[in-house]
Amino acid sequence: MELYLSKPGVMSCGGNNIDELWQAVTSGKQSGIKKVTACNGEEYFAARIDEGVLKASGARYEMKIMRIENAALEQISNDVTAVKERYGADRIAVCVGSCDNGTEFSLAGHRKYFAEEKFPADYNLEIQGADYVATFIAEKFGLAGPVNTFSTACSSSAGAIIKGAEMIMAGIVDAAVVGGIDIASDTTLIGFSALEAVSSEITNPFSKNRHGITLGDGAAFFVLIREPLERDSADSTLPAVKLLGWGESADAYHMTSPDPSGVGAEKAIRRALENARLSVSEVGYINLHGTGTKFNDSMEGKAVNAVFGEAGCKVPVSTTKPVTGHTLGAAAALEAAICWKAMVENKGKTENVKLPVQVWDGERDEEIPELNIVDGKSGGKTGELKVCLSNSFAFGGANACLVLGI
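The present account deals with the structure reproduced in this document. Predicted model only: the values in this text are computed from it and were never measured.

The grouping of Y113, F114 and F119 at the surface amounts to a nonpolar patch, some 340 Å² of accessible area in total. Structurally, Y113 is set in helix 4 (residues 103-116). Overall, Y113 belongs to the partly exposed group, its relative accessible area being 36%.

What follows is the structure, given as structure tokens:
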């Protein structure tokens, strides 16, 4: 069975739709990443979406995370309507990756409780439930199929996309709204800072000078379907982008640290290629997880090198997190959207293939196997781009890889 991904709905500090985001990641635009002051008085670089571009979501609980989610969903609303009319509301699943759990309301609610021994009148425990970001989609579009939320840290939305695909292949549903949403809330910033994982400068992945991550807001959603959607004349030239395969592994090495050998990530990559029935030579671009932390970058470099061998030095790779920030539960979907756009933009090209650039200082860490990093100065791509691999490696060893193709 072939599975197809619709044009994605996207929100990030790099752009308010996929076209704006593509321009940012191919030019290395970092203007959306700014210093912010959290509620503890500490300053951090964060890739937050400007509230000025967001409108009311219509959600039962009106929060920034819902406004971001709604803005991304509005971009795919026609496709959701089309599959609903084709298959019926009960034949469409919702699968969302997220980790926030309503921190905007819960933090304020708990402060009031600690001060006055009662919660605000509009506070409801449902706000802190992991499911609400998925429930909102079902409510917004009137969908009656299975509704699922996935919270496996940085691989959450990869898991959501995979589960949507599995439900379609199992015949449980005919289509699924899949993706992820997360925000760089004060709770998130302070929590990652406590782990000494937040960089004091904008993240600098794979460099010997890297110091950690830069957190960000983000959302990306697709309609996943077992046959291409009919498109209007404006989109009629868009090629059908397929979800060719996926792979997962759980190395469970440590609560927050990946297995330094990269064996868990390697398993996920190999399983993704096997599931897609592809050889390493057929992969034209890899979007790296590339968080900028010491251990994550190191193990990912080892994993890519282990799978691709000498080809690993030739396959163009980059991480787009220096532009978007690390969007946590939304990261996998956002980076899959970038891969989607890479194939659409380069359809039929064998020369002047344009790929996302990695913004970094170019100072290689000699302990990491050498990779063909696309940074506008070195690396690059020749030949037609037909397959992209997107890596997502999370806390607890929850590893997931997606393979997209034309």
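Enumeration over the complete set of coordinates arrives at zero disulfides. Left without a disulfide partner, C99 is nearest to the cysteine sulfur of C154, which lies 7.3 Å away.

With that settled, the discussion passes to the environment of G179. Within the secondary structure, G179 is located in strand 7 (residues 175-182). According to the relative accessible area criterion, G179 is buried, its value standing at 0%. Remark: the alpha-carbon pair of G179 and P8, spanning 171 residues in sequence, is separated by 9.0 Å. Not counting residues within four places of it along the chain, the set of residues in contact with G179 comprises C95, V96, G97, S157, A160, I161, A220, F221 and A333.

Attention now goes to the pattern of salt bridges. Scanning all chains against the criterion turns up 22 salt bridges. We note a salt bridge from E2 to K242, for which the minimum N-O separation is 2.8 Å. With E2 in the segment before strand 1 (4-5) and K242 in strand 10 (residues 241-250), this residue pair connects regions lying 240 residues apart in the sequence. We classify E2 as partly exposed; its relative accessible area is 42%. With a closest N to O distance of 3.0 Å, R67 and E51 form a salt bridge. Highlighted residues: R67 in helix 2 (residues 64-74) and E51 in the loop between strand 4 (43-47) and helix 2, separated in sequence by 16 residues. Among the residues examined, R67 registers a relative accessible area of 14% and is labelled buried. Several salt bridges share partner residues, and in doing so they unite D19, K341 and E345 into one network.

The N-to-C vectors of helix 1 (residues 18-27) and helix 11 (residues 331-345) enclose an angle of 85°; their axes lie 10 Å apart at closest approach. When the axes of helix 1 and helix 11 are compared, the pair comes out roughly perpendicular. In this structure, helix 1 uses I18, D19, L21, W22 and V25 to contact helix 11, whose residues at the interface are L334, A337, I338, K341, A342 and E345.

Criteria and cut-off values
Residues numbered from 1 in each chain as written. Predicted model: local features only at pLDDT ≥ 70, side-chain atom pairs only at ≥ 80, totals over all residues. Heavy atoms only, no water. Patch = residues over 30% accessible without salt bridge, like charges linked within 9 Å, V, L, I, M, F, W, Y side chains within 5 Å. Areas by Shrake-Rupley, 256 points an atom, 1.4 Å probe, with all protein chains shown as cover. Salt bridge = Lys/Arg side-chain N within 4 Å of Asp/Glu carboxyl O. Helix = DSSP H or I, 4+ residues; strand = E, 2+ residues; numbered from the N terminus. Buried < 20%, exposed > 50% of the residue type's maximum accessible area, 1.4 Å probe, protein only. Disulfide = S-S within 2.5 Å. Contact = heavy atoms within 4.5 Å. Axes fitted to C-alpha atoms, helices over the stretch in contact; angles between N-to-C directions. Parallel < 35°, antiparallel > 145°, perpendicular 65-115°, else oblique.

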